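Single-letter residue listing:
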Amino acid sequence: MSPQHSSSPSRQDVEINPAKAEAKFIPNKIVKDTLLVASFLGLAAIAGATIGKADDVTVTDVNGFSVTLTEPSQRSAPLPPPLGTFAIAIPGDADHLVTAHPWSKAVMMQGSLAGYFPSLADLPTGAVGGGFAPNIEELLATDPDLVFQVGFIGDDVLAPIIAAGLPVLTINVTANDDAMDWIPMMGAAYGVEDRADWILSWRKETLASITQTLAGLGDEDRPTVAHLARYGDALRVVGGGHFRSWQIEAMGGVNVASEVPQRSAEISAEQLIAWDPEIILLNAFQPDLMPQMVYDDPVLQSLAAVRERRVYAFPVGGDRWEAPVAESPLGWMWLSELLHPDRFRWDYTAEITAAHEMLYGQTPPPNAIGRMLKLDANQGSTGYERFSAF
């Protein structure tokens, strides 16, 4: 079964029968098939031009914090890690970014963005530390006109910013796709509401298409999954309170640790063996973590995922696809096909290229798709040869 290209029928022309277990959905390039995004490449220049606005704009976040901007933000300080790359994707360039979390900077250098925006190599990271605590001296030195911060930890991470007289907007991070709230907020702050609408529409449409394709999926057809948030010096698993748990369930899997209330929790090898997941996902925050390390672990040899060689490293594009990031729809495509290869066959060259052109105004260079999909790391894992075509 070959991947579909832009000349293929639209989704409306594909018959989907959720009642039949064998029903398959072969998506087109969703980015370019979304109504609002279809003409994006021809409107790229217009998107940049919308940054200038004459009227004041008041932006209010989900926690009730408001800022009134006399002009769109030009020097933002996104302190939470997910927002570092959003601050590039939403306006479509790196010019609005004056600092970022060290985790954001690390993935910028590890993934695609360093090549797209070489100036990121000089981006300072000292304005935020462990536990999202702001370093006010470092933050003020970046001269931000707007600060983004987490709003769910407490006043300790917000009060110093407010006391310094800096305008601040906050985000929540729950067990859902909170980026649905972040995107329009950041679009308004940067004066690029149209771009934000396009990005949000792509996100919603991708999720809706996957959900439709998985309709009628029985519990017995949902593989059990463990997402390791840490491996090596500690063994941590993604719990039911994390976006990544929602993501597993939404893509047709079952998180074996869904009853763990925390976002992640340290567990014993014995607990993982007791859960015995069919599939193990490896986090991308440990960039050198590879499936072979798990396959070689003498303690974990009894695991079904090890015996069947179904351990996979999560891809990295402009950011880590496992997290709530601008490229999450690409991660959903990958995970839905990984869990249900009988129902999905995505054209990753087309999807990733269209997404990066939309988000960053850049076309991935040759061989970049394979690096994003971690073909080398995952090549010994069952079924991953289907991804090597890209």
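What you see is a predicted model; the values in this text were computed from it and never measured.

Visitor: Describe the overall build of the protein, with residues and values.
Guide: Looking only at helices and strands, the protein features 17 helices and 11 strands. Contacts in the protein between residues far apart in sequence, at least 24 positions, make up 64% of those at least 6 positions apart. Carbon together with sulfur atoms contributes 51% to the accessible area of the protein, which is approximately 15400 Å² in total.

Visitor: Before we move on, could you go through a negative patch on the surface and cite the residues and values that matter?
Guide: Judged by side-chain charge, Asp219, Glu220, Asp221 and Asp342 come together as a negatively charged surface patch. For Asp221, the position within the fold is in the loop between helix 9 (193–213) and strand 6 (224–230). For Asp221, a relative accessible area of 39% translates into the label partly exposed.

Visitor: If you had to explain the confidence of the model for the protein to someone new, which residues and values would you point to?
Guide: Confidence in the prediction of the protein, expressed as mean pLDDT, is 88, and 86% of residues score 70 or more. Low pLDDT, under 50, characterises residues 1–29; the stretch is placed with 47 contacts to residues that sit more than four places away or in other chains. Throughout residues 34–53 the model reports pLDDT below 50, and contacts reaching past four residues in sequence, or to other chains, amount to 32 contacts.

Visitor: Describe the packing of aromatic side chains, naming the residues involved and giving the relevant values.
Guide: Going through the model one piece at a time under the given rule, you end up with 12 aromatic pairs. Taken together, a centroid distance of 4.7 Å and an interplanar angle of 50 degrees make the contact between Phe314 and Trp334 tilted. Separated by 20 residues along the polypeptide, Phe314 in the loop between strand 11 (311–313) and helix 14 (328–339) and Trp334 in helix 14 bring together distant segments of the chain. The exposure classification of Phe314 matches that of Trp334, with both residues buried. Taken together, the ring pairs connect Tyr312, Tyr348, Tyr384 and Phe387 into an aromatic cluster. The aromatic ring of Tyr295 is capped on one face by Arg309, whose charged end is 4.0 Å from the ring centroid. Lying across the ring of Phe285, Arg320 places its NZ or CZ 4.1 Å from the centre.

Visitor: Please give an account of the environment of Asp181 that cites residues and values.
Guide: Among the secondary structure elements, Asp181 is positioned in helix 8 (residues 179–190). Judged by its relative accessible area of 40%, Asp181 is partly exposed. The spatial distance from the C-alpha of Asp181 to the C-alpha of Leu200 is 9.3 Å, given a sequence separation of 19 residues.

Visitor: Requested: an account of the pairing of strand 1 (residues 57–60), with residues and values cited.
Guide: Along any regular strand the residues' side chains alternate between the sheet's two faces. The two faces of strand 1 differ: Val57 and Val59 on one face are buried, but Thr58 and Thr60 on the other face are not. Sheet topology places strand 1 next to strand 2 (residues 66–69); four bridges connect them, and they run antiparallel. Bridging across to strand 2, Thr58 finds its partner in Thr68. In this structure, the hairpin formed by strand 1 and strand 2 is closed by a connection of five residues, where Gly64 is found at a positive phi of approximately 90 degrees.

Visitor: Help me get a handle on the sheet that holds strand 4 (residues 146–150), residues and values and all.
Guide: Working definition: the strands of a sheet are paired by backbone hydrogen bonds and lie parallel or antiparallel to each other. Ordered in space as 3-4-5, the three strands form an open sheet in which the pairing is parallel. Since the sheet does not close on itself, it has two edges, and those belong to strand 3 (76–78) and strand 5 (168–171), each with one partner. Along the sheet, successive strands turn relative to each other by an average axial angle of 20 degrees, direction set aside. Sheet topology places strand 4 next to strand 5; four bridges connect them, and they run parallel.

Scoring rules and cut-offs
Residues numbered from 1 in each chain as written. Predicted model: local features only at pLDDT ≥ 70, side-chain atom pairs only at ≥ 80, totals over all residues. Heavy atoms only, no water. Helix = DSSP H or I, 4+ residues; strand = E, 2+ residues; numbered from the N terminus. Contact = heavy atoms within 4.5 Å. Areas by Shrake-Rupley, 256 points an atom, 1.4 Å probe, with all protein chains shown as cover. Patch = residues over 30% accessible without salt bridge, like charges linked within 9 Å, V, L, I, M, F, W, Y side chains within 5 Å. Salt bridge = Lys/Arg side-chain N within 4 Å of Asp/Glu carboxyl O. Lys, Arg positive; Asp, Glu negative; His and termini not counted. Charge placed at Lys NZ, Arg CZ, Asp CG, Glu CD. Buried < 20%, exposed > 50% of the residue type's maximum accessible area, 1.4 Å probe, protein only. pLDDT = per-residue confidence, 0-100. Phe/Tyr/Trp six-rings, centres within 6.5 Å; stacked < 30°, edge-to-face > 60°. Lys NZ or Arg CZ within 6 Å of the ring centre and 35° of its normal. Pairing = 2+ DSSP bridges. Axes fitted to C-alpha atoms, helices over the stretch in contact; angles between N-to-C directions.

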